[in-house]
Amino acid sequence: MRHPASLLAIFCAYICALALAAQAFAGPPKRVVVAGGDLTEIVFALGEGAHVVGVDSTSSHPARTKDLGQIGYVRRLSAEGILSLSPDLVIAAHDAGPATALSQIEAAGVQVAQAPQAAALPDIVDKIRFVGDILDQEERAEALAEQFMDDLTDVADKVGKLVGTPRVLFIISLERGAPLVAGSGTQAETMITGAGGKNAATGFTGFKPMSQEAIIQAAPDAIVMMAQHAERFGGVEAILKRPDIALTPAGRNGRAFVMDGMLLLGFGPRTPEAIAGLARFFHPDDAERVGF
């Protein structure tokens, strides 16, 4: 039978071990998986990229993310794939899923933190602060949030001085017959209006197919697409030659613009840069005057 003093020593050692383990767990995460390209950009902008061991397929910036573990598409995550990277934290977009996968990850003892949704451009600072809190980088996050708002305000001021409001059609896909375009209430519309344009697709919300007759009637002055999608359909020149596009002002004048999808629609820290790029395209004769 053990002496009471020995049992006490063992008990104390056990308590100390638990305390040390709790302290280690409470510290900053050492192995981070990120599901959401916007969140990945924020993590790296905060100087925490060295802790990232895995990212989803929407995470393409900065370029070194391609060398990290890949976990698939943000809305089709696999618990097994993520857990194989041995993370101690998963930072996920508000719409990451499926929910069962996230629950399985949490059940395995890994912290899962889902970011708030950014419904409007100023809401992006909420995501920046959220990531800063999770990574124990509150000061850096606040500085990044302030810089973001300064840049967004500067771009908005310049856009307000532009002349004219071109009609812009955002096409997200051409895969199934009629082009799938962005209506009201979409991030694409927010970016179009933020850059001094007007959404040519009206009368519906979200993304819907648009017939050839409707596209011609909408008379867009410019077409915008994500670069990744445009390449799958032969690039800008091939798209402008489509019968439903060629008969519009955009088609007749060769006015189509492509941009990296995450930069364009990600609502991440580079959003002011994306708006400025769109504004320069929408207003080629006036952008230089206002400082773009």
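As a reminder, the structure under discussion sits directly above these lines.
Just so we're clear, the structure is a prediction, and the values are computed from it rather than from any experiment. (Residues numbered from 1 in each chain as written. Predicted model: local features only at pLDDT ≥ 70, side-chain atom pairs only at ≥ 80, totals over all residues. Heavy atoms only, no water.)

**Overview of unusual backbone geometry**
Next up, step 1: Residue H61 is joined to P62 through a cis peptide bond whose omega torsion reads 0°.
Next up, step 2: Structurally, the position occupied by P62 is in the loop between strand 2 (52–55) and strand 3 (69–70).
Next up, step 3: With an omega of 5°, the peptide bond running from G97 to P98 counts as cis.
Next up, step 4: The residue P98 is located in the loop between strand 4 (89–92) and helix 4 (99–107) in this model. (Helix = DSSP H or I, 4+ residues; strand = E, 2+ residues; numbered from the N terminus.)

**Observations regarding helix 5 (residues 124–134)**
Next up, step 1: Those residues of helix 5 that fall on the buried side of the exposure criterion are I124, V125, K127, I128, F130, V131 and G132.
Next up, step 2: Residues of helix 5 that are buried sit in contact with helix 2 (37–45), strand 4, strand 5 (111–114), helix 6 (138–159) and helix 14 (271–282).
Next up, step 3: Among the residues trailing helix 5, D136 stands out with phi positive, at a value near 60°. (Buried < 20%, exposed > 50% of the residue type's maximum accessible area, 1.4 Å probe, protein only. Contact = heavy atoms within 4.5 Å.)

**What to know about the nonpolar core**
Next up, step 1: Counting 73 residues, the largest nonpolar core has I91, F170 and F292 as its most contacted members.
Next up, step 2: If you look at the next biggest cluster of nonpolar residues, it comprises 18 residues, including I171, F204, M225 and I239. (Core = buried A, V, L, I, M, F, W, Y, C linked by side-chain atoms within 4.5 Å.)

**Structural notes on the sheet that holds strand 5**
Next up, step 1: Read across the open sheet, the five strands follow the order 3-2-1-4-5; overall the sheet is parallel. Two strands close off the open sheet at either side, each with one partner strand: strand 3 and strand 5.
Next up, step 2: Bridging between strand 4 and strand 5 involves four bridges; their strand directions are parallel. Within strand 5, the position partnered with V90 by the bridge is V112.
Next up, step 3: Lying on the sheet, helix 5 is in contact with strand 4 and strand 5; it crosses strand 5 at an angle near 165°. (Pairing = 2+ DSSP bridges. Axes fitted to C-alpha atoms, helices over the stretch in contact; angles between N-to-C directions.)

**Remarks on the pairing of strand 10 (residues 222–226)**
Next up, step 1: With respect to burial, strand 10 is a largely interior element, five of its five residues being buried.
Next up, step 2: Residues A222, V224 and M226 point to one face of strand 10 and I223 and M225 to the other, with burial holding for every one of them.

**Quick word on the environment of G69**
Next up, step 1: Topologically, G69 is positioned in strand 3.
Next up, step 2: Excluding anything up to four places from it in sequence, G69 contacts V53, G54, V55 and L85.

**Some points on the pattern of salt bridges**
Next up, step 1: This model, assessed by the stated rule, comprises seven salt bridges.
Next up, step 2: A salt bridge links K127 to D38; the shortest N-O distance between them is 2.5 Å. Separated by 89 residues along the polypeptide, K127 in helix 5 and D38 in helix 2 bring together distant segments of the chain. Accessibility classification places K127 together with D38 in one group, the buried group.
Next up, step 3: As a salt-bridge pair, D154 and K158 come within 3.3 Å of each other at their nearest N and O atoms. (Salt bridge = Lys/Arg side-chain N within 4 Å of Asp/Glu carboxyl O.)

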